Structures are given as structure tokens and as C-alpha cells.
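Here's the letter readout for the chains.
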Amino acid sequence: MKKCPICNRGNLKEGKIEEEMFGVVLGRFKAEICTKCGESFVSSETMKEIEEKAKKKGLWGLAEKVKVVKSGNSLVIRIPAKIAKFLKLRMGAELLIYPEKKKLTVELV
Ligand SMILES: [Zn+2]
């Protein structure tokens, strides 16, 4: 049996894991799961499957680096068009914005 490379104590067993991207469930995929720490490993083939599913759902490549610019006393960040489209976000929409540890959360309200 294959040993887990993360904890070095558990064995890897065939199973299924649920994958999600940006909060959208992509489905369940084949994986090797550690009996001790629960860490899961997917083959490069399964990785491709996950990628295909994400592309089909329009999630692939949604994450993007943006720059902060200044406007008066505030800072402004641009919301890329593809993200606005994905969220059906329109001009004049109200958002709730708050900081989290090393994160900035923007919620649709
Ligand atoms: Zn483990």
C-alpha cells in the first residue's frame, strides 16, 4: 500500500472527493485519500477532468490580478468584465465590502 507523503503515517486509499471552484461544486472525482490525515491526491488525468468541468461552467481563469488606484481619499479596484458577467453585476448594484485576514470580501447584497 502507498504511504501518504504528507503525514507519512496513513495509507492512500481509492475514493472520491468533491471539488469546487469559487464556491461552485464541480462534481465528485476519483482520488487517493489518506486514511490518517485525510489529504487527497488526484492524478494528472483527473486534474484535466476537473479543469474541463471548470471551463464548461465558465469558472476557468476567472481569478485575475488587479491594481489598486487612487480616487480622492479612496482606493479603487476594477472588477474585470468576465467577473462582472459571471456575477451578473451591473452598474449601480449595491455591494457589501469588508476586510478579512489578508483578504478583501465583496458581497452582493
Ligand atoms: Zn496523510
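To be clear, the structure that these remarks concern was listed above.
Figured I'd write up the structure that's included with this text. Small disclaimer: the values here were computed from a predicted structure and weren't measured.

Thoughts on helix 1 (residues 44-56)
So, point 1. The terminal C-alpha atoms of helix 1, which comprises 13 residues, lie 18 Å apart, in line with the 18 Å expected from a rise of 1.5 Å per residue.
So, point 2. Within helix 1, only zero of the 13 residues are buried, which leaves it mostly out in the open.
So, point 3. One or two steps after helix 1, the chain reaches Gly 58, where phi turns positive at roughly 70°.

Quick notes on the pairing of strand 1 (residues 12-21)
Along any regular strand the residues' side chains alternate between the sheet's two faces.
So, point 1. Of the strand pairs in this sheet, strand 1 and strand 2 (residues 24-34) are connected by ten bridges, and their pairing is antiparallel. Residue Glu 18 lies in a different strand from strand 2, and its bridge partner there is Arg 28.
So, point 2. In textbook terms, the turn of a hairpin is the stretch between consecutive antiparallel strands, and for strand 1 and strand 2 this stretch comprises two residues, one of which, Phe 22, has a positive phi near 50°.

Considerations on the environment of Met 1
So, point 1. Within the fold, Met 1 resides in the segment before strand 1.
So, point 2. Residue classification places Met 1 among the exposed positions, given that 7 C-beta atoms sit within 10 Å.

Remarks on the environment of Ile 17
So, point 1. Among the secondary structure elements, Ile 17 is positioned in strand 1.
So, point 2. Along the chain, Ile 17 and Pro 80 lie 63 residues apart, while their C-alpha atoms are 31 Å from each other.
So, point 3. Setting aside anything within four residues of it in sequence, one finds Ile 17 in contact with Arg 28, Phe 29, Ala 31, Ile 33 and Ser 40.

Description of unusual backbone geometry
So, point 1. We note that Phe 22 has phi near 50°; this positive angle belongs to a residue other than glycine.
So, point 2. Its place among the elements puts Phe 22 in the loop between strand 1 and strand 2.
So, point 3. Residue Phe 22 is classed as exposed on the basis of its C-beta count, with 12 C-beta atoms lying within 10 Å.
So, point 4. Of note, the phi angle at Lys 102 is positive, near 55°, even though the residue is not glycine.

Quick notes on the rules
- Residues numbered from 1 in each chain as written.
- Predicted model: local features only at pLDDT ≥ 70, side-chain atom pairs only at ≥ 80, totals over all residues.
- Helix = DSSP H or I, 4+ residues; strand = E, 2+ residues; numbered from the N terminus.
- Expected span 1.5 Å × (residues − 1).
- Buried ≥ 20, exposed ≤ 12 C-beta atoms within 10 Å, placed from the backbone.
- Pairing = 2+ DSSP bridges.
- Contact = placed C-beta atoms within 7 Å.

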